[in-house]
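One-letter residues, chain by chain:
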Amino acid sequence: MNKQFFQSDLGTMLLFSVAILTMPVWLDPVGANYPDLLQKFAIFGIFAIGFNILFGLTGYLSFGHAVFLGVGSYTAVWSFKLLSMNVLPAIMFSMIIAGIFAIGIGYLCLRRSGIYFSILTLAFAQMSYNMAYSVLTPITNGETGLQLSSQDPRIVDNAFSDAVVEGLPSTNLFGMEMSGYPGFYFCAVLLIIAFFFSLRIFRSPFGMKLQAIKSNQTRMRYTGFNTRPYLLTAFVISGIYAGLAGSLLAVTDPLAGAERMQWTASGEVVLMTILGGMGTLVGPLLGVGIIKYFENIFSSLNSNRLHEIFSWLPDGLEDFVVTVVSHFVGEGWQLTLGLLFMLVVIFLPGGVMEGIRRTSTVIKNYNAKRSQNKEAVTAAASKESDDGK
Amino acid sequence: MENNSTENNTVLNISNVNVTFGGLHALSEINLQIEEGKTHAIIGPNGAGKSTLLNVCIGKLVPDTGTVTLDGEIMTGKLPHEINHAGMVRVFQTPEIFPEMSILRNMMIPAFAKRDGMFKFNAFTSMADEKEIEAEAIHVLQDFGLVDQMHHHAGSMSRGDKRRLELGMGLIQHPRILLLDEPTAGMARHDTNRTIELLQSIKERGTTKVIIEHDMHVVFSLADRISVLAQGRIIAAGTPDEIRANPKVQEAYLGGAEI
């Protein structure tokens, strides 16, 4: 009964919500309990979940999803500048604008599949990045990035209050400031909602059809499905997720720069999804966790810290180990990430989730064998005692 | 809408179809009428153009000239999914299933096609119908003896089972006309007999069928009419008895041997 409960939607959501909301508690021992990093976990979690709806379900690999992240950020900052520092309109507008961009880009790119689709999305992303850097400077403020300023109109805010604020105002949800832990909890709640929608999509007939498109698109056509609207819907949904993630980046830190749209940002979400396990529900989140952890924690380890960690080793050996390891942390954290990524792709093509599945199968088999052996032993014992009589 | 072709009970009308690949005449002036409720077999040696003809029917290939009409409606130039919705369903020679998905889901996908293959936003209604479609899929799987393994991956099935699944996926769409491309090729004898039984039971339901087959045992136990294709031309057509007796057919295809 327990197992069934955890596999039902309600059970999954309960388990997931508890896990996300208690992150500050269980991430404390590994040194990842500070609001900035937790916010990043949640925000990129939303980004990766959305990306996985497209890549994991339909198999269409987009190399330009950072566009929607960037669009979301710019829209949110503009909403802060023009309307209000309240985060709700910012998020709403970001999702709408990102969705519109996704319709346009998706409509054009989905005319091709496979590598051509990937290249087209990449081309769009680079185009948007360069435009944000140069010609669109009035909207994006070019290199400097879009920032708040004290001269911003903020129509709605100013209409309702006459109070003169010293310095720059901060983003808020009806007066609650969106930085630190409140910011994290706000992102976490949105992550939970985003996860719920993704769960519903995965388990719905719509998700089933997307999986069938991934499995055999030609057959899908001869089975009577017009596949392109299905693909476009998946593309737009994942674009909206990315827009939401982008707006949350602006909510927690109200500035937007063009580098958010760069191809490295698009590549990062691909890495996250593959590392965690594409096409699985929680895999992308694990990928986000691993990559963001490396980026923030591994990169901050320096040789002093390493000497502390390895101080239990004999002196000569300690120096040697620290010299070797220091190449893999600090500045070199990407080296470790690259090695890890290679290992996962070579030995666990299904990502970390496949590793978990394999381990659980091994344990299950081991337990089954042990209980079988036990039965055999008790059976033999009872037989002996019978013989003894 | 009444028109001539339905009055004559012609379901599928292939008229004056020509297909060339470069200089090769794959199909020359093919004219073929398939009548309602009948099983029409197309036989012929390898490379005679049988599969090309089916490809023309389902829109995989656009003919150089000529038209294919289904119930008086022109199919030529339509997209594959539109042709499927008109009621023309093909069962592929090499099983074209969804290997990563379970057998049950493989069966459910084509059942969904009729309702929302054209795509509409029905996130809420589709949830409610899912159970109904699942029940229908299970029912068909029962008919095909695949219900015990329905949660297994379709890719792990034996070849014979895959072909039966393929056939079921065609039938669950309740087609107006079913195109079968060598349904028994590469099957063991008892599998072949089982497939013949299945096809005969479909016949009783009155589904119109076009069947391409090499196995003469299958052809003569199922077909109402036979057309013989050789080098892209129809060289003979008639009832099984007429075809058996036709000397031209014996020379071209049956190698002069008595059947």
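Since this is a predicted model, take the numbers as computed values, not measurements.

## Quick word on helix 7 (residues 114-133) of chain A
Residues and elements named next belong to chain A.
Then step 1. Here helix 7 is 20 residues long and its end C-alpha atoms lie 29 Å apart, about the 28 Å a rise of 1.5 Å per residue gives.
Then step 2. Within the span of helix 7, buried status applies to Phe117, Ser118, Thr121, Phe124, Ala125, Ser128, Tyr129 and Ala132. Axial view of helix 7: buried residues confined to an arc of 135 degrees, hence all on one face. Facing away from the buried side of helix 7 by more than 90 degrees, the exposed set consists of Ile115 and Tyr116.

## A closer look at the sheet that holds strand 1 (residues 10-21) of chain B
Residue and element names in this part refer to chain B.
Then step 1. Taken together, the four strands give an open sheet; going across it, the order is 2-1-4-5, and neighbouring strands pair in antiparallel fashion. Here the strands that pair on one side only, and so sit at the sheet edges, are strand 2 (24-35) and strand 5 (73-74).
Then step 2. Strand direction decides the pairing type here: strand 4 (residues 65-70) and strand 5, joined by two bridges, are antiparallel. Directly across from leucine 70, in strand 5, lies its bridge partner glutamate 73.

## Concerning the sheet that holds strand 6 (residues 88-91) of chain B
Residues and elements named next belong to chain B.
Then step 1. Pairing within the open sheet is mixed, and its six strands lie in the order 6-7-8-3-9-10. Whereas interior strands pair on both sides, the edge strands pair on one side only; in this sheet they are strand 6 and strand 10 (233-238). Along the sheet, successive strands turn relative to each other by an average axial angle of 20 degrees, direction set aside.
Then step 2. Across four bridges, the pairing between strand 3 (residues 39-43) and strand 8 (residues 208-212) is parallel. Looking at the pairing, histidine 40 lines up with valine 210 of strand 8.
Then step 3. Across the sheet, helix 2 (residues 50-57) lies against strand 3, strand 6, strand 7 (177-181), strand 8 and strand 9 (225-230), angled at about 145 degrees from strand 7, the strand it touches most.
Then step 4. Against the sheet, helix 7 (residues 189-204) engages strand 3, strand 7 and strand 8, with an angle of about 150 degrees to strand 8.

## A word on the pairing of strand 1 of chain B
Residues and elements named next belong to chain B.
Then step 1. Relative to strand 2, strand 1 runs antiparallel, the two being bridged by eight bridges. Among the inter-strand pairings, valine 17 is bridged to a residue of strand 2, identified as isoleucine 30.
Then step 2. Sheet topology note: the strand 1/strand 4 ladder contains five bridges and is antiparallel. Residue pairing across strands places asparagine 18 opposite threonine 65, the latter belonging to strand 4.

Criteria and thresholds
Here, residues in each chain are numbered from 1, in the same order as that chain's written sequence. For this description, chains carry letters from A and ligands carry numbers from 1, given in the order in which they are written. pLDDT decides what is reported in this predicted model: residues at 70 or higher carry local features, side-chain atom pairs at 80 or more are listed and counted, and totals for whole chains, interfaces and linings draw on all residues regardless. Side-chain calculation: all heavy atoms of the structure are included, whereas hydrogens and water are not. Labels follow the DSSP assignment, with helices taken as runs of H or I lasting at least four residues and strands as runs of E lasting at least two, numbered in each case from the N terminus. Take the residue count of a helix, subtract one, and multiply by 1.5 Å to get its expected span. Accessibility here uses a 1.4 Å probe with only protein chains present; expressed as a share of the type maximum, an area under 20% marks a residue as buried, one over 50% as exposed, and anything in between as partly exposed. By construction, the arc corresponds to the directions joining the helix axis to the C-beta atoms. Strands are labelled as partners when DSSP assigns at least two bridges between them. All axes here are fitted lines through C-alpha atoms, helices being fitted over the stretch that makes contact, and every angle between N-to-C directions spans 0 to 180 degrees. Any two residues whose heavy atoms approach within 4.5 Å are treated as being in contact.

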